[in-house]
Amino acid sequence: MNELLPPLHDAAAAPALRIDAAASASVSALPQPTLARWQPLRLGLVELYHYDSEEFWFRDGHLLLRGNNGTGKSKVLSLTLPFLLDAQLKPSRIEPDGDAGKKMAWNLLLGKLDRRIGYTWIEFGRLGDDGRPVYLTLGCGLSAAAARAQVDAWFFLIETQRLGQDLWLTGATRHVLTRERLKEALQSHGQVFDTAQAYRRAVDERLFQLGAVRYAALMDTLIQLRQPQLSKKPDEGNLSDALTEALPPMSAELLTDVAEALNQLEEYRRELQEYEVLARAVSQFNQRYQRYAAVNARRQAAVLRGAQSGFDAASRTLNEARSGLAQAQQTEAAARARHEATETALLAARTRLDQLQSDPAMQDANRLAQAERDAHGRSTDLAQASRLHDEAQARLARETLALQERAARQTAAEQALAGARAEAATAAVAGGLEAAWRDNPLAALPAAALATLDSLPLDAARQALRQALVLRREQLALVQHRVREVELAEAGVSRARQLRDERQDEAEAAAARRTAADTAVEDEGTRLLQGWERHFDGLRELCVEVPPLPALAVWVVALQGDNPARAALALAQQQAAERLAQERAARLAEQQAVQAEQADLLAESARLALGEDAPPPVPHTRAADARQGRAGAPLWQQVDFRDDVDAAARAGIEAALEATGLLDAWLAPDGSLQSGSDGRPLLDAQWLQRPPQRGPTLAEPLRPAADAANPALLQRLLQSVACSAQDEGGAEAWVAPDGRYRLGALAGAWHKAQAAHIGHAARAAARARRLAEIARRRLEIDA
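Every value quoted in this text rests on a predicted model; they were computed, and no experiment measured them. Counting starts from 1 at the beginning of each chain's written sequence and moves along it residue by residue. Local features in this predicted model are restricted to residues whose pLDDT is 70 or higher, and side-chain atom pairs enter the listing and the counts only when it is 80 or higher, whereas totals over whole chains, interfaces and linings include all residues. The basis for every side-chain value is the complete set of heavy atoms in the structure, and neither hydrogens nor water enter the calculation.

Here's how the labels work: a residue is buried when its accessible area is under 20% of the maximum for its type, exposed when over 50%, partly exposed in between, all with a 1.4 Å probe on protein chains only. To qualify as a helix, a DSSP run of H or I must reach at least 4 residues; to qualify as a strand, a run of E must reach at least 2; elements of each kind are numbered from the N terminus. Buried within helix α18 (residues 711-719) we find Leu-713, Leu-714, Arg-716, Leu-717 and Leu-718. Contacts: residue pairs with any heavy atoms within 4.5 Å of one another. Where α18 is buried, its residues touch α16 (635-638), β9 (639-641), β10 (666-667), β11 (673-674) and β13 (702-704).

On to empty space enclosed by the protein. Cavities and pockets are defined on a 1 Å grid built over the protein atoms alone: a cavity is a set of grid points where a 1.4 Å probe fits but cannot escape, while a pocket is an open set with protein on both sides within 12 Å along at least five of seven lines, and lining residues are those with an atom within 4 Å of any such point. Grid points are joined across faces, edges and corners, and a volume is the space filled by probe spheres set on the points. As enumerated under the stated definition, the model contains one cavity of 30 Å³ or more in all. Charged residues are taken to be Asp, Glu, Lys and Arg, nonpolar residues to be Ala, Val, Leu, Ile, Met, Phe, Trp, Tyr, Cys and Pro, and polar residues to be all remaining types, Gly included. Among the residues forming the lining of the largest cavity, the class breakdown is eight nonpolar, no polar and no charged.

Further remarks concern unusual backbone geometry. Peptide bonds are trans in most cases, and residues, glycine excluded, mostly fall at negative phi. Put simply, Leu-81 and Pro-82 share a cis peptide bond, and its omega is 0 degrees. Of note in this structure, Ala-87 is not a glycine but carries a positive phi near 60 degrees. What makes Ala-87 buried here is its relative accessible area of 5%. For Gln-209, which is not glycine, the phi torsion reads 60 degrees and is therefore positive. Residue classification places Gln-209 among the partly exposed positions, given a relative accessible area of 48%.

Further remarks concern the side chain of Arg-767. Among the secondary structure elements, Arg-767 is positioned in helix α19 (residues 760-782). Arg-767 has contacts with Leu-608, Gly-611, Glu-612 and Asp-613, leaving out every residue within four places of it along the chain.

Turning next to the pairing of strand β3 (residues 51-57). Counting buried residues along β3, six of its seven residues qualify, which places the element largely inside the surrounding structure. We treat two strands as partners when DSSP finds at least two bridges between them. Here strand β2 (residues 39-48) runs beside β3; their pairing, made up of six bridges, is antiparallel. By the bridge assignment for β3, Leu-48 is matched with Tyr-51. Counted between consecutive antiparallel strands, the loop separating β2 from β3 contains two residues, among which Tyr-49 sits at a positive phi close to 55 degrees.

Residues Leu-254, Val-258, Leu-262, Leu-265 and Tyr-268 make up a contiguous nonpolar surface patch of about 450 Å² in total accessible area. Elements with a contribution of two residues or more to the nonpolar patch: α9 (252-263) and α10 (265-358). In this structure, Leu-265 sits in helix α10. A relative accessible area of 40% places Leu-265 in the partly exposed class. What makes a patch is a set of residues exposed beyond 30% relative accessible area and free of salt bridges, joined within 9 Å when like-charged and within 5 Å when nonpolar (Val, Leu, Ile, Met, Phe, Trp, Tyr). In this description, accessible areas are obtained by the Shrake-Rupley approach with a 1.4 Å probe, and a residue is regarded as covered only by the protein chains that are shown. By salt bridge we mean one thing: a side-chain nitrogen of Lys or Arg within 4 Å of a carboxyl oxygen of Asp or Glu.

Buried Ala, Val, Leu, Ile, Met, Phe, Trp, Tyr and Cys residues form a nonpolar core when they are joined through side-chain atoms within 4.5 Å. Counting residues in hydrophobic clusters, the biggest one holds 42 residues, and the most contacted among them are Leu-85, Leu-138, Leu-142, Leu-157, Tyr-199, Val-203 and Leu-207. Counting 30 residues, the second-largest nonpolar core is a separate cluster that includes Phe-641, Leu-663, Ala-665 and Leu-718.

Ordered by their spatial adjacency, four strands build an open sheet running β14-β15-β16-β17, and the pairing between neighbours is mixed. Either end of the sheet is taken by a strand with one partner, and the two such strands are β14 (722-723) and β17 (746-749). Sheet topology places strand β15 (residues 733-735) next to strand β16 (residues 740-743); three bridges connect them, and they run antiparallel. Its bridge partner being in β16, Val-735 is matched across the sheet by Tyr-741. Running over the sheet, helix α17 (residues 647-660) touches β14, β15 and β16 and is turned about 35 degrees from β16. Lines fitted to C-alpha atoms define the axes here, with helix axes fitted over just the stretch in contact, and angles between the N-to-C directions of these axes take values from 0 to 180 degrees.

Moving on: the packing of helix α15 (residues 564-609) against α19. Orientation of α15 relative to α19, taken along the N-to-C sense of each, is 150 degrees, at an axis distance of 10 Å. Considering the angle they form, α15 stands roughly antiparallel to α19. Helix-helix and strand crossings are classified by hand; for α15 and α19 the assignment is left-handed. Residues Val-594, Glu-597, Gln-598, Leu-601, Leu-602, Glu-604, Ser-605 and Leu-608 of α15 pack against Arg-767, Arg-770, Leu-771, Ile-774, Arg-777, Arg-778, Ile-781 and Asp-782 of α19. Taken together, the residues that form the contact of α15 with α19 break down as seven nonpolar, two polar and seven charged. Each angle is binned into one of four classes, with values under 35 degrees roughly parallel, values over 145 roughly antiparallel, values of 65 to 115 roughly perpendicular, and all other values oblique. By convention, the crossing between two helices is left-handed when the near helix turns anticlockwise from the far helix through less than a right angle, and right-handed when the turn is clockwise.

What follows deals with the packing of aromatic side chains. Pairing of aromatic rings covers Phe, Tyr and Trp, the last through its six-membered ring, and needs centres within 6.5 Å; plane angles under 30 degrees mean stacked, over 60 mean edge-to-face, and all others mean tilted. Evaluation of the coordinates by the stated rule reveals 11 aromatic pairs. An angle of 20 degrees between the planes, with centres 5.8 Å apart, marks the rings of Phe-285 and Tyr-289 as stacked. Taken together, the residues Phe-285 and Tyr-289, both in helix α10 and four residues apart, mark about one turn of the helix. You can call Tyr-289 partly exposed: its relative accessible area is 46%. Taken together, the aromatic side chains of Tyr-49, Tyr-51, Phe-56 and Trp-106 make up a single cluster linked through ring pairs. The lysine or arginine in question, Arg-162, covers the ring of Tyr-135, its NZ or CZ lying 3.9 Å from the ring centre. Distance and angle both matter: a charge sits over a ring if NZ of Lys or CZ of Arg is within 6 Å of the ring centre and within 35 degrees of the ring normal.

What follows concerns the pattern of salt bridges. By the definition in use, this model includes 30 salt bridges. Linking Arg-200 and Asp-86 is a salt bridge whose minimum nitrogen-to-oxygen distance equals 2.9 Å. Note that Arg-200 is positioned in helix α6 (residues 196-208) and Asp-86 in helix α2 (residues 83-86), a separation of 114 residues in sequence. For Arg-200, a relative accessible area of 16% puts it in the buried group. With relative accessibility at 1%, the residue Asp-86 sits in the buried group. Between Glu-274 and Arg-270 there is a salt bridge, and its shortest N-O distance comes to 3.2 Å. Of this pair, Glu-274 and Arg-270 both sit in helix α10, four residues apart, which is roughly one turn of that helix.

At a minimum axis separation of 11 Å, α6 and helix α7 (residues 212-225) run at an interaxial angle of 90 degrees. As judged from the angle between their axes, α6 and α7 are roughly perpendicular. In this structure, α6 uses Arg-200, Val-203, Asp-204 and Phe-208 to contact α7, whose residues at the interface are Ala-212, Tyr-215, Ala-216, Leu-218 and Met-219. Considered class by class, the residues forming the contact of α6 with α7 number seven nonpolar, no polar and two charged.

What follows deals with the pairing of strand β4 (residues 115-127). Counting buried residues along β4, 10 of its 13 residues qualify, which places the element largely inside the surrounding structure. As judged from the seven bridges shared by β2 and β4, these two strands associate in the antiparallel manner. Within β4, the residue paired with Val-46 across the bridge is Tyr-119. Note: β4 against strand β5 (residues 133-145), 13 bridges, orientation antiparallel. Each bridged residue has a counterpart across the sheet, and for Trp-121 the counterpart in β5 is Gly-139.

This next bit is on the confidence of the model for the protein. pLDDT expresses, on a scale from 0 to 100, how confident the predictor is about each individual residue. Across the protein, the average pLDDT comes to 79, with 83% of residues at 70 or higher. Predicted confidence is poor over residues 1-28, with pLDDT under 50, and the contacts of this stretch with residues over four places away or in other chains come to 74 contacts. Note that residues 432-451 has pLDDT below 50 and, in this model, 10 contacts with residues that lie over four places away or in other chains.

Here you go:
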């Protein structure tokens, strides 16, 4: 966010310079910014209060004004800051003491002047991202006249130029620039605002970026803190009262949200504690399980890592074989290229030899021997190329076999890897199961073995008997062991039955407590339902069409999910907030429209009070500024009614001329009447070459005005348009006193209550009527 240094505090003295319009061009070293944020550099007054053209420089964003009482120190501050940021002409906003009797008009007229235009401005600067200085000038133009109490104000911003260096607020003749002259001077270097609202928004966007509401609160705070004697005698109570008046109160909706949030803090704190305990338990389990999973994963992955190592080795071997094959193919291609080149050279040599042999002038033996030696060399090269080709073919065959072997090894390695992965997966599944219960390894001695003892020899019978005795002893030990296990099991069953009885007693007690708790929950739920029902019945601002009491009854029993009553209330609150926001936006839009209309009415009233005549409505076929700079004037300014023409005829003739387009037609110096923006004639200058119309013409009810530029030419033009009660058809252009008209093949009629544009008296009466309408409308707006 851009920041603005507070400009008005006692600090190091900065020189105050008087610069008029002639001397401003000679200023060569204006103050420069030194910070990356906005800071004030200069402020000035032009034709305000007792100042002709005064300029004050800041130093490090501070300004110190010294002087006796009555020298204008307070006026400098009240006419610049915070007025140039607030843009309101109310004395309560401009004057530090808030005196309503100190009107802005007095600062211009001083109680003795009839009319005066003045300017107040302030310049800010900062260093941009590239280190270059950036400037912004805020200003306001003021105009007042002794005949009216209202002060006209317009505001401007300058971004690419500096006052006193590139332009100034007075012209070459030391006259203060009007609003129109200022717009022409600024052009693309700044903006001129007719309304304070647009100007405030532009200042906020360039300096503060706070938004309309926060910007207004900042202005109110600055104005409150600027009260007299507030800093001379510091008082906490007065300062608190000033800030309370400046800052807007918090909305009831925001306070309600804060109260509800505070009520829910305890519930959130309890839930947070539960979540923290759960998080610690999960963290401990996660640490233990991580260690177990890491050990188990390392064990199970040993086979997989070995298979992966074998696969990597096979892949490296395969890549090496592929690289060798590629090199062999490259060598073969080079050998083929050399072989082809040798074949081509041999063919060329043989062709040359044939040519030499067939040429009778080239039968020299030496040259023939040289050709034979060349042929022998080519044959040698051919043999060598053939040998290299055979070797390349052999290497290619060997590399192909090696490639096939490596591919077979790769396939085997892949199969081994797949088997190892399957085994690792099976072991991983098996690692989570408990060991199976093993069966009793002892078996009863079969009866057939005892029957065979008699047939055995004595030693064998003894050995068998000993084995049977050992086996019987083992069986007897096993039976004793099983007896002890049965006794232990019976003791365990007895303890289990005792525990079961104890748990059954506890369950019955818990059931009784649960029954009591369910009864309490039902009672509390009933009270909650009744409370919500009373709350819904007592709602006034929020609108809940169908209270969710059935859903609330279900929720009270289940206690799952969000409270439906609270959700319905929140939805109603949201809908009410949206409805109020829409209504507020509509009211603000209506207020802005009324303010814009009031500003337009005020500006129009000021123009009419100064004697400005309202022109006829501009047609859609012509731009409003299409006639700027064009020689000539509109017809309604150049003519006037004769004294013997009654009011009804004046209204009818003006209505007919306005309907045909002749009333606002542009009278060029050559006598043509032009209606459009492209300069095409409505009645061209050839009309002046024709003889005057026979019969009544416009020259009878109308005559050239006293200030007409060319009365003779205008009189001739009026004589070229027929004007009579009946259209006799002899004239190309005809108007009637009752509002009928014909212009070539175009015919029609229009009616007006009274003339408003032709003649000074009609225009003065129209201004008076319009001023009365504006006054009535302003009273309606104020009401």
